Amino acid sequence: MIRFSDITNQILKYHPKANLDLVEKAYVYSAKVHQGQIRLSGEPYLSHPLEVAYILATMKMDTICIVAGLLHDTLEDTQASYEEIKRLFGEETAVIVDGVTKISRMRFSSAQERQAENIRKMILAMSADIRVILVKLADRLHNMRTLGYQPPDKQKRIARETLDIYAPLAGRMGIYWIKSDLEDLSLYYLEPEIYNKIKSEIARKKGEREKFIQEVCNLLSTRLFELGIKATVKGRHKHFYSIYKKMVDQDLSVDQVYDILAFRVIVQSVKECYEALGHIHSMWKPVPGRFKDYISVPKMNMYQSLHTTVIGPLGEIMEIQIRTWEMDTIAEQGIAAHWKYKEGGAASKTDEKQFAWLRQLLEWQQNLRDPTEFLESVRMDLFPNEVYVFTPRGEVKEFPKGATPVDFAYSIHSEVGQHCMGAKVNGKMVPLRYQLKNGDVVEIITSPKAHPSKDWLEFVKTPKARNKIRQWINNQEREESIAIGKNILERALEQIPNLELANLQKNGDLASVAKDLSFHSVEDLFAQIGFGKISSKQVLGRLRQKLGLEEEKPPGIVSKMVRRLKRRKPAKGIKVRGISDVLVRFAHCCNPLPGEEVIGYITRGRGITIHHKDCAHIKDADPDRLVDVTWESTEDDVYLARLKVTSIDKKGILADISAAIAQKDANIIQAEIKTTTDKKGIALFTIEVEDYLHLKQILDAIKKVKNVLAVERI
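How each quantity is defined
Residues numbered from 1 in each chain as written. Predicted model: local features only at pLDDT ≥ 70, side-chain atom pairs only at ≥ 80, totals over all residues. Heavy atoms only, no water. Phe/Tyr/Trp six-rings, centres within 6.5 Å; stacked < 30°, edge-to-face > 60°. Helix = DSSP H or I, 4+ residues; strand = E, 2+ residues; numbered from the N terminus. Buried < 20%, exposed > 50% of the residue type's maximum accessible area, 1.4 Å probe, protein only. Polar contact = N/O pair within 3.5 Å; in protein donor to acceptor, adjacent residues only side chain to side chain. Pairing = 2+ DSSP bridges. Axes fitted to C-alpha atoms, helices over the stretch in contact; angles between N-to-C directions. Contact = heavy atoms within 4.5 Å. Core = buried A, V, L, I, M, F, W, Y, C linked by side-chain atoms within 4.5 Å. Salt bridge = Lys/Arg side-chain N within 4 Å of Asp/Glu carboxyl O.

*Asks:* I would appreciate a short explanation of the packing of aromatic side chains in the present structure.
*Replies:* Between two aromatic rings, the relevant description is the distance of the centres plus the angle of the planes. Inspection of every chain in the model, using the stated rule, returns 7 aromatic pairs. Between phenylalanine 4 and tyrosine 27 the ring centres are 4.6 Å apart and the planes differ by 15°, which places this aromatic pair in the stacked class. On the criterion of sequence distance, the pair formed by phenylalanine 4 in helix H1 (residues 4–14) and tyrosine 27 in helix H2 (residues 21–33) is long-range, its members being 23 residues apart. Classification of phenylalanine 4 as buried rests on a relative accessible area of 16%. Look at tyrosine 27 and you get partly exposed, because its relative accessible area is 25%.

Have a look at this one:
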């Protein structure tokens, strides 16, 4: 427990001539009015204001602020009055204490309204005196340190409020050590399992990493000293919440987060900051896109530093911050380093201008009477990298910046995401790639026939959406691979007389082979054949061994011809249209058309790709993966064909060619035109055709156009 002498000793370290009479008077008064009160921990209540005052003293605050820390709970929890505090300790102290006091005696319709009013009052008070929020942060920090004595439901509620409001406020004011402590403590109560995993992972490698940190610090300081830069180098593990955020943002497990070490290089001048940066980049390779210059462009809270990430010794990824001593003081103390109070003094106009955002918060608390609106306005300002949107019913949803309607859909329910086919934002249809903005009202349009697309993985931002999309795609690919693998094995079994797949499944022989090959089930075996991880020949080899069948000798040419004549097509021959269990797509290399000879190639995890029989890409293909395919009669389907038309460069030639294509009821999807140096025109068309016969008619029509020299399909 902190003693009063600990506080006074701390004050005298940075203010040797401080008048401690008022501080002692506040200590005696606080002890008197809190007499008999006990905290849940069993300690006297006085221990709490002493801890708060000590935290303020470590922040090197003035005596008025520390007095307010000692008295901050007197108006709420004792019989003390505002007038008495004002009379005994001055109006300045009374204003701060009143600003910190919760509105516990007022009745509110909801917990949210209470929270909004508490924050509203705190902001109103801190707009006049910033020390209100400094005392409040110290108060919240000690309460979080002793939160374990509260019931579990209250622990989570207070931790969530701390993470939502107070930690960002500390960051906005530049007091990063308080921000980090509040975030780590909140994480402990909100995600205890993850917190303990991170803690144990760091503890597991603590000795090894501490040795590494010391070696890097020595190496950096020695190298910079040799180059004429006197630098102090410090190293540490990143805070738990920082590691947790990286896990969430990048969808990583604890052991996959590599850059958990941070180093700080403190030098004498701005010039040396940039010189040190150059030397560090010459020592270790910088990670592209991870450099930030907060010296040239300081943060809103006046934080200044150079940030870079490098691949250090042994391939360890390290974040390095480079700053001057003055910048380091600001980074450590934040607003407390700038908002300097003298006895009876006030903040300068310059300091007030640097915190214009406080006046913005003040305007909100005056104009937004609805507590929900007010709370959202505060959150939006404190979380510039978050967006807040609304459901059609007015429920608020929080997302990382750049999130899309697909992220929104999955946040409602996994099924909504799986069947999302479109979205309306503020009543208007938007693409699924649309990036949500603060205040958007989002409505998801679903269809039972709609399913996730691989393309969604390119733009979704939330781990939940990404994981669910991957899960669906993997399931679909597995189903397709099972069907493909089964088909491949059926065809392979034709080599062994009197063996049928259905019988092998029924009598358990295939399950036994699957087990021998370390698969859990026959379906797993089919899937791996379909994915190409195992060949049908391997399975046949195991079956022959299990059934005691001899390996057949390679047949002669006559036998081959007889077998080919006798072999009948499988009853379940793959067709281009009309099948439901296998995904079929057309190869872009040859764009086959109905009427042309085609063949199917089993593509790993992507179904069957249809190629022209003479396509160069399948000449050396694995014959086990080739399947016979036939065209199914269709009426409405269209296919793409690419044409190259060479002509004399004459006015109107493009219109004539387009007219010839249109006369044959073909639609032009895309056209690229260029002119050669010898006055020839080259036109590349992508058109829709019904079949190969339709394409031939179009080619003949284009050839008849005057000034066309050549036309070919490409």
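*Asks:* Whenever I open this one, the side chain of threonine 78 confuses me. Can you help?
*Replies:* Positionally, threonine 78 belongs in the loop between helix H5 (74–77) and helix H6 (82–89). Accessibility expressed as a relative area gives 8% for threonine 78, which makes it buried. Within the structure, the side chain of threonine 78 is placed 2.5 Å from the backbone oxygen of threonine 74, a separation counted as a polar contact. Engagement of the side chain of threonine 78 in a polar contact is seen with the backbone nitrogen of alanine 80, the distance being 3.1 Å.

*Asks:* Could you clarify how one ought to interpret the sheet that holds strand S19 (residues 667–675) in this entry?
*Replies:* Backbone hydrogen bonds hold the strands of a sheet together, and the pairing may be parallel or antiparallel. With antiparallel pairing, the 4 strands of this open sheet are ordered in space as S19-S20-S18-S21. Two strands lie at the open edges of the sheet, namely S19 and strand S21 (708–713), each paired on one side alone. In this sheet, neighbouring strand axes are inclined to one another by 20° on average, regardless of whether the strands run parallel or antiparallel. Relative to S21, strand S18 (residues 639–648) is paired through 5 bridges, and the arrangement is antiparallel. Bridging across to S21, leucine 643 finds its partner in arginine 713. Packing of helix H29 (residues 653–663) onto the sheet brings it into contact with S18, S19, strand S20 (680–689) and S21, and relative to S20 it is tilted by some 20°.

*Asks:* Would you explain the nonpolar core in this entry?
*Replies:* Among soluble globular proteins, nonpolar side chains are generally buried collectively. Core analysis: the biggest nonpolar cluster contains 67 residues, and Ile7, Leu56 and Leu137 have the highest contact counts within it. The contacts of leucine 137, once residues within four sequence positions are left out, are Tyr166, Ala170, Met173, Ile175, Ile178 and Leu182. Leu501, Ala527, Val539 and Leu643 belong to the second largest nonpolar core, which has 54 residues in total.

*Asks:* What is the right way to read the pattern of salt bridges from this model?
*Replies:* Between side chains of opposite charge, pairing is possible as soon as their charged atoms come close. By the definition in use, this model includes 11 salt bridges. As a salt-bridge pair, aspartate 181 and arginine 145 come within 3.7 Å of each other at their nearest N and O atoms. With a gap of 36 residues between them, aspartate 181 in helix H11 (residues 176–190) and arginine 145 in helix H9 (residues 131–145) connect regions that are remote in the sequence. Taking the shortest distance from any N to any O, the salt bridge between glutamate 319 and lysine 238 comes out at 3.4 Å. Of the two residues, glutamate 319 sits in strand S6 (residues 317–324) while lysine 238 sits in the loop between strand S1 (232–237) and helix H14 (240–250), which places them 81 residues apart along the sequence. In this structure, glutamate 319 and lysine 238 share a single accessibility class: buried. When salt bridges with common partners are traced through the structure, they connect Arg264, Arg323 and Asp328 into a single cluster.

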